[in-house]
Amino acid sequence: FRDDDLAFMQVFALRPALWRYLPGPEPTAELVAAYHEARMQAQSLNQSGDWHFAIEQRDSGCIIGTARLSIQSREHNNGSVAVSLDSDTWRQGLG
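Residues numbered from 1 in each chain as written. Predicted model: local features only at pLDDT ≥ 70, side-chain atom pairs only at ≥ 80, totals over all residues. Heavy atoms only, no water.

> What is the right way to read the environment of His52 from this model?
Secondary-structure assignment places His52 in strand 1 (residues 50-56). Residue classification places His52 among the buried residues on the basis of a relative accessible area of 19%. At 3.2 Å, the side chain of His52 and the side chain of Tyr35 are in polar contact. (Helix = DSSP H or I, 4+ residues; strand = E, 2+ residues; numbered from the N terminus. Buried < 20%, exposed > 50% of the residue type's maximum accessible area, 1.4 Å probe, protein only. Polar contact = N/O pair within 3.5 Å; in protein donor to acceptor, adjacent residues only side chain to side chain.)

And the structure:
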């Protein structure tokens, strides 16, 4: 994540198509900004177990989504991947 990603995150993260089936409250601009700030801080601390990535469009460099890699158990080689893409990029073979 970079500082200038927030404006792009505000565009797609607030669209109901992205969040309507996710648990938790309806996102607000403030929640998106707090998520972005937390990701910026976490990546600078290099915390292990949960990695968050910004997904950028190659041509424009604009953020079009986020991805998370979580390791639940190193002993059992168990983890999960979550991807959220801007609904404008759906049906383009990106997911």
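Back to the text.
> Where do I start with a nonpolar patch on the surface in this structure?
Residues Phe53, Leu69, Val81 and Val83 make up a contiguous nonpolar surface patch of about 360 Å² in total accessible area. Take Leu69: it is sitting in strand 2 (residues 63-73). (Patch = residues over 30% accessible without salt bridge, like charges linked within 9 Å, V, L, I, M, F, W, Y side chains within 5 Å. Areas by Shrake-Rupley, 256 points an atom, 1.4 Å probe, with all protein chains shown as cover. Salt bridge = Lys/Arg side-chain N within 4 Å of Asp/Glu carboxyl O.)

> What is the right way to look at the pattern of salt bridges in this model?
Should the charged atoms of two oppositely charged side chains come close, the side chains can pair. Under the criterion given, the structure shown has five salt bridges. Residue Arg2 pairs with Glu56 through a salt bridge whose shortest N-O separation is 2.7 Å. Of this pair, Arg2 sits in the segment before helix 1 (5-13) while Glu56 sits in strand 1, placing them 54 residues apart in sequence. For Arg2, a relative accessible area of 38% gives the class partly exposed. Taking relative accessible area as the criterion, Glu56 reaches 36% and is therefore assigned partly exposed. The partner of Arg15 in a salt bridge is Asp88, and the shortest N-O contact between them spans 3.1 Å. Of this pair, Arg15 sits in the loop between helix 1 and helix 2 (16-19) while Asp88 sits in the segment after strand 3 (78-85), placing them 73 residues apart in sequence.

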